[in-house]
Structures are given as structure tokens and as C-alpha cells.
Amino acid sequence: MPGWRLRDPMVLANELATLTEAALRDDESAALEQISAEYAKRLTMDLEYIVLMSPEARTYVHTNKLREGRVYADEANLAAAAVRSPSLRPYERNTGEVIREAVVPVMRDGEHYAVVRVGQIVPDGSLRRRVVGSLAATAGIPAVLEALSASWTDALLSAGVGI
């Protein structure tokens, strides 16, 4: 996309981990509301999600509110929840989409509390891009079929096959 630059998701994940740790010094439920608002402000077109996930893979905060409070017990999410040092990794979803994910641990009272996960869309692996590409290709199908039909007809006629 013209003018669309990918940011480094690790920079954002580190910033959000620092903000999250500072917010968690206070009352947890008030902090989670504050964190949720901050994550929502930071979500941009190049990002798929920003999540605060417990070590058990439960989402405390998710930029998709329908996903808050869920436990993700699959291998990829459990691996992310277990991260204890910042990491950048590819995350292949069950949809075939590829996400570049930054995962940064969050501490509270000297203990591992959660991880911040920032998922960035990889343009070539993006479901959005594939859907748009498919729709664009679908729009061109009648012209392609017409061209193929004409060339098949010509080939069959030149081979002496009656149609």
C-alpha cells in the first residue's frame, strides 16, 4: 500500500509493557481499564491486535473486546504466554495469515504477571490482502474465461474438431 510503512512492533510492545507495569502499581481493575484504553489508542492499520495475556494464556486486555477473558490453550498462544524475555516471532494463525508478533513480559511486584503481545500484519501473509486480491481477481474472471473459451474454440476448430 502506498505510504503505508510498517512500524517495529517490538518498540511499541516495550513501550506498552513499561506503561502497563506503571499502571499495575495501583488497583488492578482500574489499571486494566486504563491499559485497555491505552492499547486501543495505539492500535493502527498495520496492527492486528494488542493483548495483555496471563501466564495461563488468559487475555486480561485485548483490542478486540470480544476476546477479553478468553483462555487460548493452543500451542502458539501458550508459547507466547510463557515468554520471559522480549521476543519477535512469526505467528501463523489457523486462517493461514502470518502475523509478526512482539512479545514482552510484564512484571508486577517483582513477579511475572503477563506478556504484552503486539501482532503486526505481514502484508504478503495478510488475510485482508488475500481477500482483496481474490475479489480483484474475481472481477477479472469473466474476461479470462472469455479469452480462454475463444482460444479453446480456435484450437479445437484448427484441429478439425467440430463444436
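Here, the structure is the one placed above.
Residues numbered from 1 in each chain as written. Predicted model: local features only at pLDDT ≥ 70, side-chain atom pairs only at ≥ 80, totals over all residues. Heavy atoms only, no water.

Q: Give me the lowdown on the overall build of the protein chain, citing residues and values where you can.
A: Of the regular secondary structure elements, the protein chain holds four helices and five strands. Along the protein chain, helices (α) and strands (β) appear in the sequence α-α-β-β-α-β-β-β-α when read from the amino end. By the burial criterion, 32% of the 163 residues in the protein chain qualify as buried. Excluding contacts between residues fewer than 6 apart, the proportion of contacts in the protein chain whose partners are at least 24 apart in sequence is 52%. For the protein chain, the accessible area works out to roughly 9,700 Å², and carbon and sulfur atoms hold 59% of it. (Helix = DSSP H or I, 4+ residues; strand = E, 2+ residues; numbered from the N terminus. Buried < 20%, exposed > 50% of the residue type's maximum accessible area, 1.4 Å probe, protein only. Contact = heavy atoms within 4.5 Å. Areas by Shrake-Rupley, 256 points an atom, 1.4 Å probe, with all protein chains shown as cover.)

Q: Lay out the pairing of strand β3 (residues 87–92) with the relevant residues and their values.
A: Relative to strand β4 (residues 98–108), β3 runs antiparallel, the two sharing six bridges. By the bridge assignment, Y91 is partnered in β4 with I99. Here β3 hands over to β4 after five residues, with G96 in that stretch at a positive phi of 95 degrees. (Pairing = 2+ DSSP bridges.)

Q: Got a sec to walk through the packing of aromatic side chains? Specific residues and values, please.
A: Using the criterion set out here, one finds one aromatic pair in the structure. Ring centres of Y60 and Y113 lie 4.9 Å apart, and the angle between their planes is 15 degrees; on these two criteria the pair is classed as stacked. Of this pair, Y60 sits in strand β2 (residues 59–62) while Y113 sits in strand β5 (residues 111–121), placing them 53 residues apart in sequence. Taking relative accessible area as the criterion, Y113 reaches 9% and is therefore assigned buried. Positioned above the aromatic ring of Y91 is the side chain of R117, whose terminal nitrogen or guanidinium carbon lies 5.6 Å from the ring centre. (Phe/Tyr/Trp six-rings, centres within 6.5 Å; stacked < 30°, edge-to-face > 60°. Lys NZ or Arg CZ within 6 Å of the ring centre and 35° of its normal.)

Q: Provide a residue-level description of the pattern of salt bridges, including the pertinent values.
A: One pass over the structure, following the stated rule, counts nine salt bridges. Ionic pairing is found between K65 and E68, a salt bridge with its closest N-O pair at 2.9 Å. Overall, K65 belongs to the partly exposed group, its relative accessible area being 48%. Note on E68: relative accessible area 29%, which makes it partly exposed. One salt-bridge network, in which partners are shared between bridges, spans E15, E38, K41 and R42. (Salt bridge = Lys/Arg side-chain N within 4 Å of Asp/Glu carboxyl O.)

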